Amino acid sequence: MQKTETQKKRASVILSGSLLFFLFWALMLIPWGNYGPDAYLTKGKIQQAESPDTVFKDLMVPEYKGPKDKTFVFTGICNEKIKVPLEAPVNPIKKVVSDRAKQSEEIKAMARSLGADLVGICELNPKWKFKGVPLNHKFAIVIAEAMPYRFCKKQDEPIKAMVATKAALDFYNQGGRISLFLADSIRKMGYPARAHYESWSQVLTIPVAIDAGLGEMGRNGLLINQAYGPRCRFSVVTTDLPLEPDKKPKRMGITEFCEICDKCARACPIKAIPFGGPTVTRGVVKWQLDLQKCFKYWYQGPNSWSRCLVCMTTCPWNKPDNLLHKTGSFLATRSPLSRWVLLKTDDLMGYGDEVDTTPDLKDLEKNLKAKKEG
Amino acid sequence: MILNLKWYEWVGWLVNVLMTAMAILFIVINIMEAEMRAAGIGLLASATLIGTWTWVLLCYGKPEKEKIVQQS
């Protein structure tokens with residue numbers, strides 16, 4: 001009798017343990033608990049953002065005003081100068097587009113051949129234009145340039161930190177170059193088109209990128225996607241070229257992840273990122289950053305940059321591109337349990353603890369000079 | 001009974017094999033990526049978990065005579 005009871009106890013322990021194991025993985029892998037199909041949550045009437053002159057007035061860097069004639073000059077492979085205008089007349093001979101899907105694929109292939117990492121197409125929501133902007137294009141082509149992980153982590157030498165944060169700006173420029181060339185090509189096809197990037201943008205790039213299915217809104221104000229995390233720099237080409245918008249992808253649960261994670265808010269050196277849940281700003285449910293605080297820390301005066309990348313570096317979605325982290329990113333999109341487990345694992349493993357603390361350029365020059373003299 | 005194991009013990013050993021495979025994959029990839037802290041923590045956690053589970057499968061609730069026979 002005792003033997004049978006002991007055996008029963010043993011069987012129950014083994015079976016409960018095994019059941020717990022399979023139940024845990026079922027709850028981790030089976031998708032549940034994400035918000036509805038609309039990746040971007042709105043509440044009430046969406047209001048347009050203020051005009052770019054107002055928005056960018058305090059955020060403009062004086063030494064990077066750009067060309068007055070709005071013509072950008074790039075250097076070709078034979079060192080020749082290639083001029084690409086921001087706005088130009090459209091070719092009077094229009095290309096006939098009989099197959100919109102094929103045309104969309106061609107545009108994406110063109111963008112990728114120019115160097116884009118991700119490309120998405122959507123219909124342009126007029127609410128995402130700045131106020132007072134005379135832009136009536138129907139479609140938006142969103143181009144994402146992903147910064148390599150090695151630039152978005154703690155750097156062990158000041159010179160590497162310098163290179164990393166210069167790269168952060170360079171990727172904006174690369175995205176701009178792609179969008180300028182793409183817009184110019186579309187104008188040559190006979191359809192109006194305009195590139196939007198950095199302070200030349202007439203649309204809010206992040207909501208347009210969400211509509212194009214390239215990611216979801218993060219707490220740190222950046223667009224986060226499964227492949228590259230928060231490391232993407234976006235630029236947009238708006239156009240009337242007949243295109244087929246991409247189907248909206250299923251939700252990845254990134255916004256839901258941000259609701260339980262506040263690593264970027266804790267790590268931000270000037271506390272520009274809010275804690276708690278998202279709020280409604282101009283009819284959009286999101287975390288509203290203190291942009292003035294953030295930019296004033298990032299750009300502290302002529303040739304004085306903090307080059308802060310802390311919110312990007314500390315984000316749990318910012319991971320190297322390997323099998324382990326791809327699996328982690330996949331799991332994090334599945335369920336509330338998987339998000340919680342991965343967040344705790346992230347904390348336990350110490351990822352994002354050593355945030356990027358890039359030195360000021362003046363300090364770097366001073367240190368290099370002292371090293372030479374010493 | 002195959003290999004002198006009851007059906008629920010087969011389930012338990014399957015769980016053990018799966019846990020061991022996942023732990024090895026996790027630790028090896030972390031070592032390859034030079035993420036030694038993650039590899040170390042993974043090793044510690046998996047050793048504890050798998051060790052405990054293996055003890056349950058081998059020893060828990062088994063009569064002393066059977067344990068001695070198995071160990072010999």
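Residues numbered from 1 in each chain as written. Chains lettered and ligands numbered in written order. Predicted model: local features only at pLDDT ≥ 70, side-chain atom pairs only at ≥ 80, totals over all residues. Heavy atoms only, no water.

**Some details on the overall build of chain B**
(1) Moving on: A tally of regular secondary structure across chain B gives 3 helices and 0 strands.
(2) Moving on: Counting from the amino terminus, chain B carries its helices and strands in the arrangement α-α-α.
(3) Moving on: Across the 72 residues of chain B, 32% fall into the buried class.
(4) Moving on: The contacts of chain B with a sequence gap of at least 6 include a subset with a gap of at least 24, amounting to 50%.
(5) Moving on: Total accessible area on chain B stands at roughly 4,800 Å², and carbon and sulfur atoms take up 75% of it. (Helix = DSSP H or I, 4+ residues; strand = E, 2+ residues; numbered from the N terminus. Buried < 20%, exposed > 50% of the residue type's maximum accessible area, 1.4 Å probe, protein only. Contact = heavy atoms within 4.5 Å. Areas by Shrake-Rupley, 256 points an atom, 1.4 Å probe, with all protein chains shown as cover.)

**A few points about the overall build of chain A**
(1) Moving on: Looking only at helices and strands, chain A has 12 helices and 10 strands in total.
(2) Moving on: Going through the 374 residues of chain A one by one, you find that 48% of them count as buried.
(3) Moving on: As displayed, chain A offers around 19,100 Å² of accessible surface, 58% of which is attributable to carbon and sulfur atoms.

**Describing the side chain of N322 of chain A**
(1) Moving on: By the secondary structure assignment, N322 of chain A is in the loop between α9 (310-314) and α10 (323-332).
(2) Moving on: Using a relative accessible area of 7% as the deciding quantity, one classes N322 of chain A as buried.
(3) Moving on: Here the side chain of N322 of chain A touches H325 of chain A through a polar contact of 2.9 Å, landing on its backbone nitrogen.
(4) Moving on: Side-chain polar atoms of N322 of chain A contact the side chain of E33 of chain B, separated by 3.5 Å. (Polar contact = N/O pair within 3.5 Å; in protein donor to acceptor, adjacent residues only side chain to side chain.)

**Observations concerning the interface of chain A and chain B**
(1) Moving on: In this complex, chain A contributes 24 residues to the contact, which on the side of chain B involves 27 residues.
(2) Moving on: Carbon and sulfur atoms supply 72% of the area that chain A and chain B bury against each other, a total of about 2,200 Å² over both sides.
(3) Moving on: The tally of links from chain A across to chain B stands at 1 salt bridge.
(4) Moving on: Of the charged contacts in the structure, one is a salt bridge between E9 of chain B and R10 of chain A, with a shortest N-O distance of 2.6 Å.
(5) Moving on: At the level of elements, α1 (2-29), α10 and α11 (336-349) of chain A are the ones that each hand at least two residues to the side of chain A that touches chain B.
(6) Moving on: Take the side of chain A that touches chain B: its biggest share by element is 13 residues, from α1 of chain A.
(7) Moving on: For the side of chain A that touches chain B, the class distribution of residues is 13 nonpolar, 7 polar and 4 charged. (Buried area = accessible area lost by both parts, 1.4 Å probe. Salt bridge = Lys/Arg side-chain N within 4 Å of Asp/Glu carboxyl O. Nonpolar A, V, L, I, M, F, W, Y, C, P; charged D, E, K, R; others polar.)

**Things to note about the packing of aromatic side chains**
Residue and element names in this part refer to chain A.
(1) Moving on: With the rule as written, the count across this model stands at 8 aromatic pairs over all chains.
(2) Moving on: Note on F72 and Y197: the rings are 6.0 Å apart at their centroids and 55° apart in plane angle, and the pair reads as tilted. One end of the pair, F72, is in strand β1 (residues 71-75); the other, Y197, is in the loop between β5 (193-196) and α5 (205-211), with 125 residues separating them in the sequence. Side by side, F72 and Y197 carry an identical accessibility label, which is buried.
(3) Moving on: Aromatic ring contacts, followed pair by pair, group F72, Y197 and W200 into a single cluster.
(4) Moving on: Over the ring of F151 we find R150; its NZ or CZ atom is 4.7 Å from the centre of that ring. (Phe/Tyr/Trp six-rings, centres within 6.5 Å; stacked < 30°, edge-to-face > 60°. Lys NZ or Arg CZ within 6 Å of the ring centre and 35° of its normal.)

**Comments concerning the packing of helix α1 (residues 7-32) of chain B against helix α2 (residues 36-58) of chain B**
All names here are of chain B.
(1) Moving on: At a minimum axis distance of 9 Å, the contact between α1 and α2 shows a crossing angle of 165°. One way to sum up the angle between α1 and α2 is to call them roughly antiparallel. Pair α1 / α2 crosses with left-handed handedness. Contact with α1, carried on its side by E9, G12, W13, V15, N16, M19, T20, A23, F26, I27, N30 and I31, involves M36, A38, A39, G42, L43, S46, L49, I50, W53, T54, L57 and L58 of α2 and no other residues of that element.
(2) Moving on: Within the contact of α1 with α2, the residues separate by chemical class into 16 nonpolar, 7 polar and 1 charged. (Axes fitted to C-alpha atoms, helices over the stretch in contact; angles between N-to-C directions. Parallel < 35°, antiparallel > 145°, perpendicular 65-115°, else oblique. Left-handed = near helix turned anticlockwise from the far one by under 90°.)

**A short note on unusual backbone geometry**
(1) Moving on: One non-glycine residue, K271 of chain A, adopts positive backbone phi at about 55°.
(2) Moving on: Residue position: K271 of chain A is located in the loop between α7 (263-267) and β9 (279-281).
(3) Moving on: You can call K271 of chain A partly exposed: its relative accessible area is 43%.
(4) Moving on: Although it is not a glycine, A34 of chain B sits at a positive phi angle of roughly 60°.
(5) Moving on: Checked against the element boundaries, A34 of chain B lands in the loop between α1 and α2.
(6) Moving on: Given a relative accessible area of 58%, A34 of chain B falls into the exposed group.

**With respect to the state of the cysteines**
Residue and element names in this part refer to chain A.
(1) Moving on: This structure, assessed with the given rule, holds 0 disulfides over all chains.
(2) Moving on: There is no disulfide at C122, and the cysteine sulfur nearest it, in C232, is 16 Å away.
(3) Moving on: Judged by its relative accessible area of 4%, C122 is buried. (Disulfide = S-S within 2.5 Å.)

**Here's the deal with the environment of K95 of chain A**
Residue and element names in this part refer to chain A.
(1) Moving on: Checked against the element boundaries, K95 lands in the loop between β2 (81-85) and α3 (100-113).
(2) Moving on: Owing to a relative accessible area of 31%, K95 belongs among the partly exposed residues under this scheme.
(3) Moving on: Between the C-alpha atom of K95 and that of T42, which follows or precedes it by 53 residues, the distance is 37 Å.
(4) Moving on: Those residues in contact with K95 that sit more than four places away from it in its chain are Q103, E106, M189 and Y191.
(5) Moving on: Engagement of the side chain of K95 in a polar contact is seen with the side chain of Q103, the distance being 2.7 Å.

Purely spatial values, then, with no claim about function.
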